Amino acid sequence: MNFQLDEKRLALQAAVREFAQNELAPGVIERDEASEYPLELYKKLGSMGYVGLPYEEKYGGSGGDYLDYALAVEEISKVDASMGISYSVAMSLYGGSIINAATEEQKLEFLPDVFSGKSLGAFGLTEPNAGSDAGGCVTTAEKKGDKYVLNGLKCFNTNGPLADHFAVYALTQPELGAKGLSLFHVKKGTPGFSIGKIENKMGIRAAQVSELIFENCEIPESALIGEEGKGFKYAMKALDGGRIGVAAQGLGIAEGAFEIARKYLMTREQFGKPIYRNQHLAFKMAELECEIEMAKYMVYKAALDKSEGRPYTIPAAKAKLVCTNAAMHVTTEAVQMLGGNGFMREYHVERMMRDAKITQIYEGTNEIQKLVISGALFK
Amino acid sequence: MEPHSSIYQSTMEIIVIAKQVKMADSVKCDFAGVEAAIRLKRKTDARIKVVVMGEEKDAIAQVRDSISMGADSGTVLLLENAEIDSWICAKAFSDYLKNENFDLLLSGSFPIDADTIQTGLLAGNMLGLASASHIEDIDTGEASGLLKAKKRMEDRVQILDVKMPCMFAALPHPEAPIYKTVPGINRAYSVDIPVIKLDLNDQKGKIKVMDSFKIGERKRGKCLTAISTEGAAKEIINTIAANHIL
Ligand SMILES: Cc1cc2nc3c(=O)[nH]c(=O)nc-3n(C[C@H](O)[C@H](O)[C@H](O)COP(=O)(O)OP(=O)(O)OC[C@H]3O[C@@H](n4cnc5c(N)ncnc54)[C@H](O)[C@@H]3O)c2cc1C
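Residues numbered from 1 in each chain as written. Chains lettered and ligands numbered in written order. Predicted model: local features only at pLDDT ≥ 70, side-chain atom pairs only at ≥ 80, totals over all residues. Heavy atoms only, no water.

## Description of the domain arrangement of chain A
Residues and elements named next belong to chain A.
Now for step 1: One can read the domain layout of chain A as domain 1 (7-115), domain 2 (121-229) and domain 3 (233-377).
Now for step 2: Computed from C-alpha coordinates alone, the two centres of domain 1 and domain 3 are separated by 20 Å.
Now for step 3: Contacts between the two partners involve 27 residues from domain 1 and, on the opposite side, 31 residues from domain 3.
Now for step 4: Both faces considered, domain 1 and domain 3 share a buried interface measuring about 2300 Å² in area, 64% of it formed by carbon and sulfur atoms.
Now for step 5: Our count for the contact surface shared by domain 1 and domain 3 stands at two salt bridges. (Domains from an automatic or database assignment. Contact = heavy atoms within 4.5 Å. Buried area = accessible area lost by both parts, 1.4 Å probe. Salt bridge = Lys/Arg side-chain N within 4 Å of Asp/Glu carboxyl O.)

Next comes the structure, spelled out in structure tokens:
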């Protein structure tokens, strides 16, 4: 067992950190307030090879693995959790959906743009009446000649308004429920496909989340990814990978807030001494430090399990649960430790606390993670 | 032997030299030279090799960082048995470079050398190269075999047309950092980085630094108000003359 990142991974981690601190940190407060996504910065990250980290070069990736990718999501999310999730959704949920099930020809057509960071990908599974119970989708894909016709509405799609490529799950055999779900690739601008409401959110406000509306939207037969009726399986597999991304996002948020609090405790003085000299606060930090370290090992392990070909459904669920709970706990404590300043925008931790909340909800709520983990315990 | 330039028909060969300086508990690395090389490589077809002098582990790390940013290859020079000063380092660099093929030799300007910018210029001199310091920007020249360089002075810039092979000490551009890329990092950790040990047989240093000055802050211009046109013209001419522009 080796708990040390090798030199090359450390270099990669340091490089993403440098970019995030220099380029993403300025303006992060303004982007949160204005709900503006820094697409140009994302593209810049792509041009340097950091977007397609976990995928092969022939698909536009840069030939690293899932741990490299988790390290990048973590570093980005320390500063800007909105970009963290946008990146993660494009890689794990859109990218994962396609790479796990598509033909070679489809991969070469649908992946390079997204893996090279030139454009974003989105993932459309959730519907107003199908959230945790994703099998309850009602969006349909009816086969007509050599086409499929999509009808229905997907909600809460991260990257929806910005993406060029969409992995969309729809029923080819509605009577079969989850077993009738299939996966399709849909291009932005396809007639009959439009972006609906753009959500006004509590956190990750710079990320863009919207409805996807399909009204007699015709897509070619060749846009079916994998086999008809296997969509639910493909979605769950993509989400297993996605949960590693969300775990890394949570870890990054926790670390970002922790570091701000640590510095604050050393400089803020009350009762004639820096406030970290109060054992209550120092011990609190010691506990949070341990919580972060636990979270880190769990997500790195899940990422390596996936990279090295071991089963990763349960490790990913555990990492998502632990890391996102750490994010919520650490950010809430950080706000408290910064006192009144913690409540103010310019100290960042209040944004991080708002951002942390969503990590416990999307890509399977933490209750659903417990369902997955406990399900394996009592088989 | 004269270093000979390939008078780049196709690919310009750039060598960047950097010397590390050990401080109390850290090593000062100078990336201004390699950054200038990478900026030039973005404008023209070029190949960059970095030659770093320092302690083995730190120097290898600097070569790897340079390759991650966009250099193509690198070598480490270790000096043994010598009292290290700028002259000794310059001599070691120039001895090594005598056998290398390059069109442009680059070093950084400030962060090393006790800020005296000596090593690079001395090495350039020892190799008989046209040399210039405080270079802010480099472009390919109007004719082949020429480079156009912008040299920062106290109060102006000078545009130099220089014939290759030549040597420039480049200024850093902290406002426009050059980031490491994933292909760069992959290359940095897969290439071989030769470590060359130079035994200098107890040579003694030859340089004593008395003092050194940095370029001063640019002063604000003077605003002439309530003055006749003639008076203003005279004042401007005087200022220009006093600054040796005329
Ligand atoms: C900002 C944001 C971005 C999103 N991005 C995407 C995206 O890109 N693509 C996409 O397809 N979806 C996306 N989602 C949807 C997200 O994955 C769902 O919101 C999430 O899975 C929960 O579903 P729900 O909102 O319908 O909640 P519900 O399923 O209605 O759950 C409500 C509550 O009940 C609990 N609950 C439900 N069932 C159980 C159970 N069996 N046992 C115990 N507790 C249970 C839940 O944990 C939760 O607390 C996004 C959501 C948000 C808010």
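## Quick notes on helix H13 (residues 366-377) of chain A
All names here are of chain A.
Now for step 1: When the terminal C-alpha atoms of H13 are compared, their 17 Å separation across 12 residues agrees well with the 16 Å that a helix rising 1.5 Å per residue should span.
Now for step 2: Looking only at H13, the buried set comprises Asn366, Ile368, Gln369 and Ile373. Buried positions in H13, seen along its axis, are confined to an arc of 160° and lie on one side of it. Among the exposed residues of H13, those pointing more than 90 degrees away from its buried face are Glu367 and Leu371.
Now for step 3: The inward-facing, buried residues of H13 contact helix H8 (231-267), helix H10 (313-337) and helix H12 (349-359). (Helix = DSSP H or I, 4+ residues; strand = E, 2+ residues; numbered from the N terminus. Expected span 1.5 Å × (residues − 1). Buried < 20%, exposed > 50% of the residue type's maximum accessible area, 1.4 Å probe, protein only. Arc of directions from axis to C-beta.)

## Concerning the interface of chain A and chain B
Now for step 1: Of the residues lining the interface, 15 residues belong to chain A; the matching set on chain B comes to 10 residues.
Now for step 2: Carbon and sulfur atoms make up 62% of the area that chain A and chain B hide from each other, which totals about 1100 Å².
Now for step 3: Counting every contact that joins chain A to chain B gives six residue pairs in polar contact (both at pLDDT 80 or more).
Now for step 4: It is helix H1 (residues 7-24) of chain A that contributes the most residues to the side of chain A that touches chain B, nine residues altogether.
Now for step 5: Of the residues contributing to the side of chain A that touches chain B, the split by class is seven nonpolar, three polar and five charged. (Polar contact = N/O pair within 3.5 Å; in protein donor to acceptor, adjacent residues only side chain to side chain. Nonpolar A, V, L, I, M, F, W, Y, C, P; charged D, E, K, R; others polar.)

## With respect to H1 of chain A
Now for step 1: Over its 18 residues, H1 of chain A extends 25 Å from the first C-alpha to the last, a length consistent with the 26 Å expected when each residue adds 1.5 Å.
Now for step 2: The inward-facing, buried residues of H1 of chain A abut helix H2 (28-34), helix H3 (39-47), helix H4 (66-79), helix H5 (81-101) and helix H9 (279-307) of chain A together with helix H5 (182-188) of chain B.

## Re the site of the ligand
Residue and element names in this part refer to chain A.
Now for step 1: As a structural note, the neighbourhood of the ligand is formed by 15 residues, with Thr126, Ser132, Phe156, Thr365 and Glu367 the closest of them.
Now for step 2: Separating an oxygen atom of the ligand from a backbone N or O atom of glutamate 363 is a distance of 3.4 Å.
Now for step 3: Within the contact set of the ligand, an oxygen atom lies 2.7 Å away from a side-chain nitrogen or oxygen of threonine 365.
Now for step 4: Burial of the ligand by the protein chains amounts to 64% of its free accessible area of 970 Å².
Now for step 5: Ranked by residue count, the leading element in the shell around the ligand is strand S3 (residues 147-158), at three residues.
Now for step 6: Taken together, the residues that form the shell around the ligand break down as seven nonpolar, six polar and two charged.
Now for step 7: The residue makeup of the shell around the ligand includes at least three contributed by each of domain 2 (121-229) and domain 3 (233-377). (Near = heavy atom within 4 Å. Areas by Shrake-Rupley, 256 points an atom, 1.4 Å probe, with all protein chains shown as cover.)

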